[in-house]
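# What the coordinates show
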Amino acid sequence: MSQPRVISSLEIAYCENLYKMTDELNKALKEKNVIIGLSLKDEETAMITVYES
């Protein structure tokens, strides 16, 4: 299995509902072979990464 390719990444202010948006986008884009990743850099900053699988 090959590694997913990073299409884009964005550093944004953390919001407690970001995981809901990420989950919904992953459901909607599953058939397009796109994955949205969410990680926390610190308590105030999140990183959203878009992958092509």
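Our structure's up above, just so we're on the same page.
Residues numbered from 1 in each chain as written. Predicted model: local features only at pLDDT ≥ 70, side-chain atom pairs only at ≥ 80, totals over all residues. Heavy atoms only, no water.

## Some words on the nonpolar core
Within the largest apolar cluster, five residues are counted, these being Leu18, Val34, Ile36, Ala46 and Ile48. Setting aside anything within four residues of it in sequence, one finds Ile36 in contact with Thr22, Leu25, Asn26, Leu29, Ile48, Thr49 and Val50. (Core = buried A, V, L, I, M, F, W, Y, C linked by side-chain atoms within 4.5 Å. Buried < 20%, exposed > 50% of the residue type's maximum accessible area, 1.4 Å probe, protein only. Contact = heavy atoms within 4.5 Å.)

## A word on the sheet that holds strand β1 (residues 5-13)
On the basis of which strands lie adjacent, the open sheet formed by three strands has the order β1-β3-β2 and antiparallel pairing. Both outer strands of the open sheet, β1 and β2 (34-40), are each paired with one neighbouring strand and no more. Going across the sheet, the axis of each strand differs from the next one's by a mean of 20 degrees, ignoring polarity. Bridge analysis of β1 against strand β3 (residues 45-52) gives eight bridges, and the strand direction is antiparallel. Paired with Arg5 across the two strands is Glu52, which belongs to β3. Together, β1, β2 and β3 form the strand contacts of helix α1 (residues 18-29), whose direction differs from that of β2 by roughly 165 degrees. (Pairing = 2+ DSSP bridges. Helix = DSSP H or I, 4+ residues; strand = E, 2+ residues; numbered from the N terminus. Axes fitted to C-alpha atoms, helices over the stretch in contact; angles between N-to-C directions.)

## What about the pattern of salt bridges?
Evaluation of the coordinates by the stated rule reveals three salt bridges. Note that Arg5 is salt-bridged to Glu52, the shortest N-O span being 2.8 Å. Separated by 47 residues along the polypeptide, Arg5 in strand β1 and Glu52 in strand β3 bring together distant segments of the chain. Look at Arg5 and you get partly exposed, because its relative accessible area is 49%. Overall, Glu52 belongs to the partly exposed group, its relative accessible area being 35%. (Salt bridge = Lys/Arg side-chain N within 4 Å of Asp/Glu carboxyl O.)

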